[in-house]
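# Working through the structure, step by step
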Amino acid sequence: MDQWTSQLAPQLRALVELAAHDGHMTQAALALEMPQSSMSRRIHALQATLGVPLLIHDGRTVRLTPEARRLAARAREPLAELDHTLAELTGDVDPEHGTVRFGFPLTMGSGHVPDLLAAFRHRHPGIRVLLKQAHGIELGAELLTGHLDLAVVIPPPERLPHCMIGTQNIRVAVPAEHRFADAAELRLDELAGETFIANPPSYNLRQLTETWCRDAGYIPDIAIEVTEFGTIRELISRGLGIALLPHDDRAVPGIREITIVGGDYRRSIALAWGSAARSAPTRRLNDFLLQNFSQAAVNRVVSRGA
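Fair warning: this is a prediction, and the values are worked out from it, not measured in the lab.

### What to know about the packing of aromatic side chains
Within the structure shown, the criterion is met by 3 aromatic pairs. Taking 5.4 Å as the distance between ring centres and 65° as the angle between the ring planes, the aromatic pair formed by Phe120 and Phe288 counts as edge-to-face. Of the two residues, Phe120 is situated in helix α5 (residues 112-123) and Phe288 in helix α9 (residues 280-292); the sequence distance between them amounts to 168 residues. The class for Phe120 is buried, based on a relative accessible area of 0%.

### Focus: α9
Under the 1.5 Å per step criterion, the end-to-end length of α9 is 18 Å for 13 residues, consistent within 8% with the ideal 18 Å. If you check which residues of α9 are buried, you get Ala280, Pro281, Thr282, Leu285, Asn286, Phe288 and Leu289.

### Structural notes on the confidence of the model for the chain
In this model, the chain carries an average pLDDT of 84, and 85% of its residues clear a pLDDT of 70 or more. Per-element mean pLDDT across the chain ranges from 42 in helix α10 (residues 295-302) up to 98 in strand β8 (residues 195-198).

### Things to note about the pairing of strand β11 (residues 255-261)
As paired elements, strand β6 (residues 162-175) and β11 share 4 bridges and run antiparallel to each other. By the bridge assignment, Val174 is partnered in β11 with Arg256. Note that strand β7 (residues 185-187) and β11 share 3 bridges and pair parallel. Each residue of the ladder has a partner; that of Leu186, found in β11, is Ile260.

### Notes on the pattern of salt bridges
Under the criterion given, the structure shown has 13 salt bridges. The partner of Arg206 in a salt bridge is Glu225, with the nearest N and O atoms 2.9 Å apart. Within this pair, whereas Arg206 is found in helix α7 (residues 204-215), its partner Glu225 is found in strand β9 (residues 221-225), the two being separated by 19 residues in sequence. What you see here is one network of salt bridges that share partners, running through Arg187, Asp189 and Glu190.

What counts, and where the lines are drawn
Residues numbered from 1 in each chain as written. Predicted model: local features only at pLDDT ≥ 70, side-chain atom pairs only at ≥ 80, totals over all residues. Heavy atoms only, no water. Phe/Tyr/Trp six-rings, centres within 6.5 Å; stacked < 30°, edge-to-face > 60°. Helix = DSSP H or I, 4+ residues; strand = E, 2+ residues; numbered from the N terminus. Buried < 20%, exposed > 50% of the residue type's maximum accessible area, 1.4 Å probe, protein only. Expected span 1.5 Å × (residues − 1). pLDDT = per-residue confidence, 0-100. Pairing = 2+ DSSP bridges. Salt bridge = Lys/Arg side-chain N within 4 Å of Asp/Glu carboxyl O.

Shown next as structure tokens:
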């Protein structure tokens, strides 16, 4: 058993990174901060040692064999746990240096989150923050696999440790010329028969939209599916439908937001982390975000969705 850990750990790390980059040798080498030639030698050395084919050459591209993908999947978590443990030990000695892989929703790319990240970087210049933007399901998966250390996630992930940092109010957004545009509040049953615009079925807000409308006595007529919340608002402003969306403090031209009554139409926001031990730099960013995320700031940041 010792021969595997002593000889193959660097090679397995290279294989895990290659799988994470879908076989792109150059990108994997950059992620490991090594020359591509060294990356290639590690993969071929692992293949020779195991006697199992790991690569499929397809023209100028490389694909991983099923055996390689299975090995990478099994090795990823133990290697990530070891990385985090070592980071924990060395980070306690020098917590102002290290790397944190942080995730947040695509629609948080402007405003308060970048402001906080800039302030954190200013305060802790020795800590490098690698950013990943994606929707909640993908962020949770990245935390589970160890590809992210910390993330703002909506809704809170069931399988990961997390703490609540706020709530997000959901309202109905209608075109400025809609018959309900001047209403102060609406019940969801009043929207039966309306044309809805929503995210794809895998999105949490789409699932909530269907559940809430079903509880109100009807199935929403979702005529258009869009991944981006900004695009949904553009389509609403052009009169193509209505949508249940996070509250936006900014005035969006051509759209009216109306409060929904008769139920609890909110989503919870969490700061979540992976199951592996958190390094000292990760704890630094975690504590900084918890200290600086006020409820008002959270509502502003997430008003454009997750």
